[in-house]
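A look at the structure
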Amino acid sequence: MAWLCSRTIFQTCRRQFYRDAVRYTKEKEKTFPDPLELATGLEKREMLAAAAGDFDPYHMKAIEISRDSTKDNPNLVPSAFKSRVVGCLCEEDTAHVNWMWLHEGQPRRCECGHWFKLTEVAPLG
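Each chain has its residues counted from 1, running along the sequence as written. Totals for whole chains, interfaces and linings use every residue, but because this is a predicted model, local features are given only for residues with pLDDT of at least 70 and side-chain atom pairs only at 80 or more, for both listing and counting. Hydrogens and water are ignored here; the side-chain numbers use all heavy atoms of the structure.

1. Concerning the overall build of the protein chain
In terms of helices and strands, the protein chain carries three helices and seven strands. By definition, any uninterrupted DSSP run of H or I lasting at least four residues is a helix, any uninterrupted run of E lasting at least two residues is a strand, and each is numbered from the N terminus. The secondary structure elements of the protein chain, listed N-terminal to C-terminal, are α-β-β-α-α-β-β-β-β-β. Buried positions account for 18% of the 125 residues belonging to the protein chain. Only protein chains enter the accessibility calculation, which uses a 1.4 Å probe. A residue is then buried if its area is under 20% of the maximum for its type, exposed if over 50%, and partly exposed in between.

2. A look at the nonpolar core
To form a nonpolar core, buried Ala, Val, Leu, Ile, Met, Phe, Trp, Tyr and Cys residues must be joined to one another through side-chain atoms within 4.5 Å. Formed by Ile 65, Val 77, Val 86, Cys 88, Cys 90, Met 100, Leu 102, Cys 110, Phe 116 and Leu 118, the largest nonpolar core amounts to ten residues. Looking at this core, the elements that each hand over two or more residues are strand 4 (83-88), strand 5 (98-103) and strand 7 (115-120). In contact with Ile 65, not counting residues within four places along its chain, are Asn 75, His 114 and Phe 116. Contacts: residue pairs with any heavy atoms within 4.5 Å of one another.

3. Points about the UniProt feature "binding site: Zn(2+)" (unreviewed entry) in the protein chain
Per the UniProt annotation, the sites labelled "binding site: Zn(2+)" (unreviewed entry) are Cys 88, Cys 90, Cys 110 and Cys 112. Judged by maximum C-alpha separation, these annotated positions cover 25 residues in sequence but sit close together in space, the widest gap being only 8.8 Å. Its location among the elements puts Cys 90 in the loop between strand 4 and strand 5. Discounting residues that sit within four places of it in the chain, Cys 90 has contacts with Arg 67, Asn 98, Cys 110 and Cys 112. Among the secondary structure elements, Cys 112 is positioned in the loop between strand 6 (108-109) and strand 7. Cys 112 has contacts with Cys 88 and Cys 90, leaving out every residue within four places of it along the chain. UniProt positions are given in the numbering used here, feature names are shortened, and annotations may be inferred rather than shown by experiment.

4. Description of the environment of Ser 66
Tracing the backbone shows Ser 66 in the loop between helix 3 (41-51) and strand 3 (75-79). Residue Ser 66 is classed as partly exposed on the basis of its relative accessible area, which comes to 29%. With ten residues separating them in the primary sequence, Ser 66 and Leu 76 have C-alpha atoms 9.9 Å apart. Setting aside residues up to four positions removed in sequence, Ser 66 forms contacts with Asn 75 and His 114.

5. Observations regarding the pattern of salt bridges
Pairs can form between side chains of opposite charge whenever their charged atoms are close. By definition, a salt bridge exists where a carboxyl oxygen of Asp or Glu is found within 4 Å of a side-chain nitrogen of Lys or Arg. Considering all chains together, one arrives at one salt bridge under this definition. Here Glu 104 ties to Lys 82 by a salt bridge, and the two come within 3.6 Å at their closest N and O atoms. Here Glu 104, found in the loop between strand 5 and strand 6, pairs with Lys 82, found in the loop between strand 3 and strand 4; they are 22 residues apart in sequence, far enough to count as distant. We classify Lys 82 as exposed; its relative accessible area is 61%.

Below is the structure:
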């Protein structure tokens, strides 16, 4: 009786098993699903923004500051909110970042003398 039990356990699987990561619609047509079809929520919004050419939808990349910024002509920092934290590298070779809060409508001066001001941009969505 023990041989009957072991025989049923070690029988081979008769179902067809695919190890590929492709979808089989027809035997000749093997395609991967489109990532845009699978994405939802914020991920889909980011992908649509990248398809439209906006590769920095949250405005997180570093901006080039002008060396001759004044209170009347500050460096403009985009933000979808009323305040934002900004880091300034005062010298080119420094490893220290001066962090400061910028608030809407008020230009702010860094310790090194550069001026910054928030500009309103539409949020992603």
